[in-house]
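What follows is the residue order along each chain.
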Amino acid sequence: MSEKYVVTWDMFHMHARKLSERLLPASQWKGIIAVSRGGLFPAAVMARELGLRHIETVCIASYDHDKQGELNVLHRAQGDGEGFIVVDDLVDTGNTARAIREMYPKARFVTVFAKPAGASLVDDYVVDIPQNTWIEQPWDMGICFVPPLARK
Ligand SMILES: O=P(O)(O)OC[C@H]1O[C@H](OP(=O)(O)OP(=O)(O)O)[C@H](O)[C@@H]1O
Ligand SMILES: Nc1nc2[nH]cnc2c(=O)[nH]1
Ligand SMILES: [Mg+2]
């Protein structure tokens, strides 16, 4: 990926709240299925905003840092997703989203960020990101010292 898009906690929170707003009224949902691990972050914000307390997970591993391998489903919430919101932090190639759609055909599947290759696979998302751009999520970063420009 040639470009980088840095996401702060504040911005992530704001986007996740916006996504929640579009899922009103909350009474139509039984709960949330978070695509772990990335989806756990928006799921927590959405659960709070929508007053939902039934949270399930589908645990998928595929990326080793920025290289994607085979999808490995370690755990999956039961059912076809009816009445549930399935949330992931982002859709990139769409490989994860395709697997999720097959597992939960009746769920509403949403993400915070979407790149063009996967955008059509989700029912809704908040932020468009170019395909050549790596999204640096706040939970993968830390605050660190930056040396002054005029360092001796
Ligand atoms: O559209 P794709 O190309 O499939 O990529 C999207 C997936 O990649 C990341 O998860 P990852 O597999 O890195 O695991 P993590 O959520 O545990 O960090 C992200 O959270 C999505 O789930
Ligand atoms: N953090 C992060 N994980 C990803 N998994 C697939 N694409 C991305 C991305 O752009 N950023
Ligand atoms: Mg993920």
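Residues numbered from 1 in each chain as written. Chains lettered and ligands numbered in written order. Predicted model: local features only at pLDDT ≥ 70, side-chain atom pairs only at ≥ 80, totals over all residues. Heavy atoms only, no water.

- The name an unreviewed UniProt entry gives the protein is Xanthine-guanine phosphoribosyltransferase, with Mesocricetibacter intestinalis as the organism.
- Looking at the Sequence similarities (unreviewed entry) heading of the UniProt record, one finds this comment for the protein: "Belongs to the purine/pyrimidine phosphoribosyltransferase family. XGPT subfamily."
- According to UniProt, the comment filed for the protein under the heading Subcellular location (unreviewed entry) is "Cell membrane". (UniProt positions renumbered as here; feature names shortened; annotations may be inferred.)

**Structural notes on the overall build of the protein**
Logical step 1: Helix and strand content of the protein: four helices and eight strands.
Logical step 2: Its helices and strands taken in sequence order, the protein reads β-α-β-α-β-β-β-α-β-α-β-β from the N to the C terminus.
Logical step 3: The globule rule puts the C-alpha radius of gyration for 152 residues at 15 Å, and the 16 Å found for the protein is close to it.
Logical step 4: Expressed as a percentage of its 152 residues, the buried residues of the protein come to 45%.
Logical step 5: Look at the contacts in the protein between residues 6 or more apart in sequence, and 62% of them connect residues 24 or more apart.
Logical step 6: By element, 53% of the accessible surface of the protein is carried by carbon and sulfur atoms, the whole surface being about 9,000 Å².
Logical step 7: Of the charged side chains in the protein, 17 are positive and 19 negative, and the gap between their average positions amounts to 4 Å. (Helix = DSSP H or I, 4+ residues; strand = E, 2+ residues; numbered from the N terminus. Rg over C-alpha atoms; globule rule 2.2 N^0.38 Å. Buried < 20%, exposed > 50% of the residue type's maximum accessible area, 1.4 Å probe, protein only. Contact = heavy atoms within 4.5 Å. Areas by Shrake-Rupley, 256 points an atom, 1.4 Å probe, with all protein chains shown as cover. Lys, Arg positive; Asp, Glu negative; His and termini not counted. Charge placed at Lys NZ, Arg CZ, Asp CG, Glu CD.)

**A word on the site of ligand 2**
Logical step 1: Around ligand 2, a shell composed of Y63, L90, D92, K115, W134, I135 and Q137 is seen.
Logical step 2: D92 places a side-chain nitrogen or oxygen 2.6 Å from a nitrogen atom of ligand 2.
Logical step 3: Taking I135, its main chain carries an N or O atom lying 2.7 Å from a nitrogen atom of ligand 2.
Logical step 4: Out of a free accessible area of 280 Å², ligand 2 has 88% covered by protein chains.
Logical step 5: Taken together, the residues of the shell around ligand 2 break down into four nonpolar, one polar and two charged. (Near = heavy atom within 4 Å. Polar contact = N/O pair within 3.5 Å; in protein donor to acceptor, adjacent residues only side chain to side chain. Nonpolar A, V, L, I, M, F, W, Y, C, P; charged D, E, K, R; others polar.)

**A word on the site of ligand 1**
Logical step 1: Around ligand 1, the structure places 14 residues, and the nearest of them are Y63, D88, D89, T93 and T96.
Logical step 2: With respect to ligand 1, the backbone of G38 contributes an N or O atom lying 2.9 Å from an oxygen atom.
Logical step 3: Measuring from an oxygen atom of ligand 1, one finds a side-chain N or O atom of S62 at 3.0 Å.
Logical step 4: Burial of ligand 1 by the surrounding chains reaches 87%, relative to a free accessible area of 500 Å².
Logical step 5: Where the shell around ligand 1 is concerned, the elements lending two or more residues are β3 (55–64), β5 (84–91) and α3 (95–103).
Logical step 6: A per-element tally of the shell around ligand 1 places β5 first, with four residues.
Logical step 7: The residue makeup of the shell around ligand 1, split by class, is three nonpolar, seven polar and four charged.

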